[in-house]
Amino acid sequence: MDHFRLRIWKEENLNKSLFDVKVLKVPHLEYPNDALFKPLKDYTGNKVVNYKAIRKWFLDRKANKGFDRGRILAMQLFIKYCKMYIDGSGSNIYIQASCCAEQKKSSEYKIKIKITKLQSSHEITQANCSSPAGIGWSAACKHIGALCFSLEHFSVTGNDQEYVSCTSQQMCWNKPSEGRCVDVMSIFDITEQDRNDFIIDQAATDALVNCLINTNINCALINSGK
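Residues numbered from 1 in each chain as written. Predicted model: local features only at pLDDT ≥ 70, side-chain atom pairs only at ≥ 80, totals over all residues. Heavy atoms only, no water.

Draft legend 1. Representation of the side chain of Ser98 within the structure. For Ser98, the position within the fold is in strand β3 (residues 92-100). Given a relative accessible area of 3%, Ser98 falls into the buried group. Only 3.3 Å separates the side chain of Ser98 from the side chain of Lys110, close enough to count as a polar contact. Here Ser98 is in contact with Phe78, Ile79, Lys80, Tyr81, Glu108, Tyr109 and Lys110, once residues within four sequence places are set aside. (Helix = DSSP H or I, 4+ residues; strand = E, 2+ residues; numbered from the N terminus. Buried < 20%, exposed > 50% of the residue type's maximum accessible area, 1.4 Å probe, protein only. Polar contact = N/O pair within 3.5 Å; in protein donor to acceptor, adjacent residues only side chain to side chain. Contact = heavy atoms within 4.5 Å.)

Draft legend 2. Spatial organisation of the pattern of salt bridges. Counted according to the given criterion, the structure contains five salt bridges. Note that Glu102 and Arg69 form a salt bridge whose closest N and O atoms lie 1.9 Å from each other. Taken together, the residues Glu102 in the loop between β3 and β4 (108-117) and Arg69 in helix α3 (residues 64-75) connect sequence positions 33 residues apart. Residue classification places Glu102 among the partly exposed residues on the basis of a relative accessible area of 24%. (Salt bridge = Lys/Arg side-chain N within 4 Å of Asp/Glu carboxyl O.)

Draft legend 3. Fine view of the packing of helix α2 (residues 51-60) against helix α4 (residues 142-157). The N-to-C vectors of α2 and α4 enclose an angle of 165°; their axes lie 10 Å apart at closest approach. Regarding the angle of α2 to α4, the classification is roughly antiparallel. As for how α2 packs across α4, the hand of that crossing is right-handed. Where α2 approaches α4, its residues Tyr51, Ile54 and Phe58 are matched on the opposing element by Ile144, Gly145, Cys148, Phe149 and Glu152. For the contact of α2 with α4, a count of residues per class yields six nonpolar, one polar and one charged. (Axes fitted to C-alpha atoms, helices over the stretch in contact; angles between N-to-C directions. Parallel < 35°, antiparallel > 145°, perpendicular 65-115°, else oblique. Left-handed = near helix turned anticlockwise from the far one by under 90°. Nonpolar A, V, L, I, M, F, W, Y, C, P; charged D, E, K, R; others polar.)

Right, here's the structure in full:
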């Protein structure tokens, strides 16, 4: 603001806002102690959230990108370290997890979500992410979307969708393939014909042909019995 305008405001005693704007305040979520959280797999069998609740959360905030990209990130296993806590009443579910950055998986964002259990469904009431797009407790970024869809998958299948680094997986190189067995057979065994029935064609006296015959590889041959 320039000095002229500031002087006019002081002369006219305009110290208050000229417009009465009501700003909706999102209450700060008092999150439970980290020690109360347990791995998601310990809550197998619990319904956490469904597709309808996820869609409502993102549509109410006009966050189509967070909804669409979040579903892709969930399928690509960007979520890790997912933990959950259900309070004593059983009506409030708290989830915390990390989501790998899309451009650099070594970086990650912290996500916190509160879900309220209603009579016949679950509703997302607050969500927060440490990414720039997830500031506040009413955020709807793609990282929150990824966690929501991972929780939906867990609710349906009982299996969590979490990121697994290559160093955490069992070594798979220099190991023989399983379930396949190849028998080495001679070309004469395959054709069920006697090797002595074949002789080299008089026109093909090249040394390479003799080498092929001696190594059981069929070539331009003439059946001696014909």
